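If you want the building blocks of each chain, they are given just below.
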Amino acid sequence: KNQVEQSPQSLIILEGKNCTLQCNYTVSPFSNLRWYKQDTGRGPVSLTIMTFSENTKSNGRYTATLDADTKQSSLHITASQLSDSASYICVVSAYNNDMRFGAGTRLTVKP
Amino acid sequence: GAGVSQSPRYKVAKRGQDVALRCDPISGHVSLFWYQQALGQGPEFLTYFQNEAQLDKSGLPSDRFFAERPEGSVSTLKIQRTQQEDSAVYLCASSFNGRGGRNQPQHFGDGTRLSIL
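Given the structure is predicted, the values throughout are model-derived calculations rather than measurements.

Caption draft 1: Structural view of the state of the cysteines. As enumerated under the stated definition, the model contains 2 disulfides over all chains in all. Across the disulfide, C23 of chain A is cross-linked to C90 of chain A (sulfur-sulfur distance 2.0 Å). Taking the sign of the torsion about the S-S bond as the criterion, the disulfide between C23 of chain A and C90 of chain A, at about -70°, is left-handed. Remark: C90 of chain A occurs in strand β9 (residues 86-94) and C23 of chain A occurs in strand β3 (residues 19-25); sequence separation between them is 67 residues. Across the pair, exposure class does not vary: C23 of chain A and C90 of chain A are buried alike. One disulfide bridge connects C23 of chain B with C92 of chain B, the sulfur atoms lying 1.9 Å from each other. Taking the sign of the torsion about the S-S bond as the criterion, the disulfide between C23 of chain B and C92 of chain B, at about -65°, is left-handed. Here C92 of chain B lies in strand β9 (residues 88-95) and C23 of chain B lies in strand β3 (residues 19-24), a separation of 69 residues in the sequence.

This is the structure in structure tokens:
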């Protein structure tokens, strides 16, 4: 069983709308959690990195939250743009340097 | 360039052939990672280098997969006797290995899309 589960698997929204992507994990002991954006045919690009003590971090229209107690994270995208269409991947690292990738959420923003 | 560069971008090979994939990390980055990404899935870890030392190769799926980084910069991932299930995107990432070890921001290349016929 994958130690990082993302939902939904895919999502379609209209331009200008907000959306929230979810990431649940069982990786332990927890070190940090990252969200990446991966455009089609490109490599992932880091959006945010959060450690145990951080429960929210923003990067422009992207805001990530972390609840280390419930082992859940979310990525909220505000005022979506067509260029937000991509896969969003959650990556959780343990203190032994083990990194686990989620399967990603495929977001499509339509005009 | 300033980013991680991978070549070739696309590679088509017949089953049974050997292939070599190249990764040029960001200059000065100590850590280098290889990942395999199947269509619609997240990347799966293959192997990790710190300078020229291969510290973790636990993700390599078989002994047909071999990676090296002889001078601590450019890395090559070689797949021998390729099989159809090797078809995937192979991603390389590098990071500046500070005191945080592997928990540093990773910079990914755009990958090599390998298709085995």
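Caption draft 2: Quick look at the sheet that holds strand β8 (residues 75-79) of chain B. Residue and element names in this part refer to chain B. Taken in spatial order, the 4 strands make up an open sheet running β1-β3-β8-β7, and their pairing is antiparallel. Pairing within the sheet leaves two strands with one partner each, and these edge strands are β1 (5-7) and β7 (65-68). Here the strands of the sheet are splayed against their neighbours by 15° on average, with no regard to which way each runs. Here β3 runs beside β8; their pairing, made up of 5 bridges, is antiparallel. Within β8, the residue paired with V19 across the bridge is I79.

The rules we used
Residues numbered from 1 in each chain as written. Chains lettered and ligands numbered in written order. Predicted model: local features only at pLDDT ≥ 70, side-chain atom pairs only at ≥ 80, totals over all residues. Heavy atoms only, no water. Disulfide = S-S within 2.5 Å. Helix = DSSP H or I, 4+ residues; strand = E, 2+ residues; numbered from the N terminus. Buried < 20%, exposed > 50% of the residue type's maximum accessible area, 1.4 Å probe, protein only. Pairing = 2+ DSSP bridges. Axes fitted to C-alpha atoms, helices over the stretch in contact; angles between N-to-C directions.

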